[in-house]
Amino acid sequence: QRYEEALSNFHEAQSRNPENFNIYFNRANAELVLKMFDEALSDLDEAISRVADDENIYHSKGIVFQEMGQVQSAIEQFLKALEYNPNFKPSLFHLGLMYHLHDELFLSLECFAKVLKLDPSDRRAYESIGLVYCDLMYFDLAVGAFTKAINILPSCGVNYFYRGKS
C-alpha cells in the first residue's frame, strides 16, 4: 500500500515538474516493486531522455528486465550501466547473475571477481561464485567459496547447505 501511495505522490510531482528525471526514476522503482513492468520501463525511458548518462537508471532498467525473465535485455542494460561507471558494484553483481542464467559461466565468474575486488567482504559474491563452480562441477572450489561466504556471515544457513551439497 505504501508503494501505491508513493505512486500517487510521484504522479502529482510529475505534473508539477515534468522535467525532473528523479521523479520518473523513483516512480519506476515503485512500479517495479508493484510488478508494473511496462510502466517502469516507460518511466525509465523518460528518465533516460532527460539524463542519459546515469548508471543507476540503466541498472534499474536491467532489474526490470531481470524480473521479467528477459535475461539478454537485462545483460544489455547492466553493460550499459557499466559503460558509465565500470566499478558500479550492483550492476557487476547482477550482470554476473544474468551471465550465470545465460550459461556464460566464465563471464559470470569474472563479474563476481570484480565485485570482490571492489568489496572483499561481499558474501553474496562468494555464494554466487560457489553456485557457478557447482555448475562447472568444480566442487572443491565451490566448497571454498561457500566457506568464505560462511566466514563473512556465519548466521546465513543457506551457505552451509550449499557447502554440504557440494
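Heads up: the structure comes first, above all this text.
Described below are features of the structure shown in this document. Note that this is a predicted model, so its numbers are computed, not measured.

Once that is clear, we can look at the overall build of the protein. When you go through the protein residue by residue, the secondary structure sums to ten helices and zero strands. Secondary structure elements in the protein, listed N-terminal to C-terminal, are α-α-α-α-α-α-α-α-α-α. Across its three principal directions, the C-alpha atoms of the protein cover 60 × 35 × 25 Å. Looking at the protein as a whole, 42% of its 166 residues are labelled buried. In the protein, the proportion of contacts linking residues at least 24 apart, taken out of those at least 6 apart, comes to 43%. Looking at the protein as shown, the accessible area adds up to about 9000 Å², and 51% of this sits on carbon and sulfur atoms. Across the protein, the centroid of the 15 positively charged side chains sits 7 Å from that of the 24 negatively charged ones.

On to a nonpolar patch on the surface, then. On the surface, Phe106, Tyr138 and Leu141 cluster together into a nonpolar patch covering about 310 Å² of accessible area. Along the polypeptide, phenylalanine 106 turns up in helix α7 (residues 105-118).

Moving on, we get to the packing of helix α8 (residues 123-135) against helix α9 (residues 139-152). Interaxial distance between α8 and α9 falls to 8 Å at its minimum, and their mutual angle equals 165°. Relative to α9, the element α8 lies roughly antiparallel. As α8 runs across α9, the sense of the crossing is left-handed. Taking contact as the criterion, the partners of Arg123, Tyr126, Glu127, Ile129, Gly130, Leu131, Tyr133 and Cys134 in α8 are, on α9, Phe139, Leu141, Ala142, Ala145, Phe146, Lys148, Ala149 and Ile152. In terms of residue class, the contact of α8 with α9 is built from twelve nonpolar, one polar and three charged.

How each quantity is defined
Residues numbered from 1 in each chain as written. Predicted model: local features only at pLDDT ≥ 70, side-chain atom pairs only at ≥ 80, totals over all residues. Heavy atoms only, no water. Helix = DSSP H or I, 4+ residues; strand = E, 2+ residues; numbered from the N terminus. Buried < 20%, exposed > 50% of the residue type's maximum accessible area, 1.4 Å probe, protein only. Contact = heavy atoms within 4.5 Å. Areas by Shrake-Rupley, 256 points an atom, 1.4 Å probe, with all protein chains shown as cover. Lys, Arg positive; Asp, Glu negative; His and termini not counted. Charge placed at Lys NZ, Arg CZ, Asp CG, Glu CD. Patch = residues over 30% accessible without salt bridge, like charges linked within 9 Å, V, L, I, M, F, W, Y side chains within 5 Å. Salt bridge = Lys/Arg side-chain N within 4 Å of Asp/Glu carboxyl O. Axes fitted to C-alpha atoms, helices over the stretch in contact; angles between N-to-C directions. Parallel < 35°, antiparallel > 145°, perpendicular 65-115°, else oblique. Left-handed = near helix turned anticlockwise from the far one by under 90°. Nonpolar A, V, L, I, M, F, W, Y, C, P; charged D, E, K, R; others polar.

Bear in mind that shape data such as this cannot, by itself, settle questions of function.
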